[in-house]
Amino acid sequence: METIIKKTNEADAIKLASEILKKGGLVAFPTETVYGLGGDALRPEASMDIYKAKGRPSDNPLIVHIADTKDVYKLAENVSSKAEALMEAFWPGPMTLIFNKKELVPKETTGGLNTVAIRMPSHPDAARLIRESGVYIAAPSANTSGRPSPSTAEHVIEDLNGKIDMILDGGPVGIGIESTIVDMTGEIPTICRPGFITKKMLESIIGEVEIDKALISPDKNLHPKAPGMKYTHYAPHGQLYIVESEKDESVVTDEVISKINSLVEEKTNEGYKVAVLTTKDKMSSYKCENIILLGEKGDGTTVASRLYAALRECDTIKADFIYSEGFNRDDFGGAIMNRLIKSAGHKVILV
Ligand code: TXA
Ligand code: MG
């Protein structure tokens, strides 16, 4: 299949993408979090095609993107006043809410579940695409399953060129990691995936919010509420290790630096290609041929926006071993570390 690639500001780009969606085709498009791979959420075949293009297991449900709050009531049952308060506070924006689904939403879109995940993105191109097409857009991240999510149109092209009808290029995304997912179906709202909208921000609006225990417990028998969180994700092909100080994981101590340098030396001597993931202020401390920057320490937004691009760079240079500094786990930092630790398959070296 030939994939049409157009910049979102080209004449008729969004119009053409809308026509494709209306006919049941697939279009990748920018959102404020990561690029999405969109299809008509109400057509079972479109959802099946999304799974096929991504190589994703079809028990992993998709997020339905809307452009108007009132559409929630067409897709979801029992929208609580807490959910309404969150929608009012954080939509449009990087927050996905899970509700009991209405009959209208096909099981193919929800991975067989009776619930549906809904999000109203704030990216102007995404909002225009939903409005102009008149389609509720089912969209997972626009990457091949298992690879880091795409934060630029180039990443989407790497993974999906030739497999989908169209890619809309709206430039690099703003946030860089996926939306916060909150399950609203239980007594106490529960975070199933951390993101830019933090627990504190949610609690400032609705009071008590829980975090899915499977996300924080080392117990492998707990099943995450968001089926997608059980898969190895975001992983580069090389072996990624996080090196942190035992005393304070958010501080890159001299011990951390010398540990990383000695690991780099050891693996380089064994003939492997090695990379170091670090931030601007520490980059000159490392003796490694491949230093990959993750933004600025203490500014989570710059780290998040670079994270997936950095992991993809590790693949581009074919790194066998990758050593990364850790980051603090407060607020948004917790969402970043959730992704980094998953990428590393939980390989953390404490010094
Ligand atoms: O920021 C985002 O959310 C991006 C952009 C494109 O909007 N989308 C995204 O989609 O990250 P995806 O498919 O890569 O991740 C969706 C996650 C998966 O972990 C999935 O299991 C979970 O949402 N999910 C979807 N529907 C669910 C449901 N009904 N119940 C529980 N988890 C659900
Ligand atoms: Mg994804």
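Since the structure is predicted, the reported quantities are computational estimates derived from the model, not experimental observations. (Residues numbered from 1 in each chain as written. Chains lettered and ligands numbered in written order. Predicted model: local features only at pLDDT ≥ 70, side-chain atom pairs only at ≥ 80, totals over all residues. Heavy atoms only, no water.)

**Section: the pairing of strand 9 (residues 166-169)**
Every other side chain in a regular strand lies on the same face of the sheet, so the side chains alternate between the two faces. Judged by which residues are buried, strand 9 turns out to be covered on both faces: Met166 and Leu168 on one side and Ile167 and Asp169 on the other are all buried. Where strand 1 (residues 4-7) lies against strand 9, four bridges are found, and the strand directions are parallel. Opposite Ile5, over in strand 9, you have Ile167 as the bridge partner. Here strand 2 (residues 27-29) runs beside strand 9; their pairing, made up of two bridges, is parallel. What sits directly across from Val27, in strand 9, is Met166. (Buried < 20%, exposed > 50% of the residue type's maximum accessible area, 1.4 Å probe, protein only. Helix = DSSP H or I, 4+ residues; strand = E, 2+ residues; numbered from the N terminus. Pairing = 2+ DSSP bridges.)

**Structural notes on the packing of aromatic side chains**
For the structure shown, the criterion picks out three aromatic pairs. Seen in terms of ring centroids, Tyr241 and Tyr323 are 5.8 Å apart; in terms of plane orientation they differ by 25°. Their pairing is stacked. In this pair, Tyr241 is assigned in strand 13 (residues 239-244) and Tyr323 in strand 16 (residues 321-325), connecting sequence segments 82 residues apart. A relative accessible area of 21% means that Tyr241 is categorised as partly exposed. For Tyr323, a relative accessible area of 1% puts it in the buried group. Here Tyr272 and Phe321 contribute two aromatic rings whose centre-to-centre distance is 5.0 Å and whose plane-to-plane angle is 70°, an arrangement assigned as edge-to-face. Placement of the pair is Tyr272 in the loop between helix 9 (254-269) and strand 14 (274-278) and Phe321 in strand 16, with a sequence separation of 49 residues. Assessed through its relative accessible area of 11%, Phe321 is described here as buried. A cation over a ring is seen here: Lys267 above Phe321, with NZ or CZ 4.6 Å from the ring centre. Over the ring of Tyr241 we find Lys347, and its NZ or CZ is 5.2 Å from the ring centre. (Phe/Tyr/Trp six-rings, centres within 6.5 Å; stacked < 30°, edge-to-face > 60°. Lys NZ or Arg CZ within 6 Å of the ring centre and 35° of its normal.)

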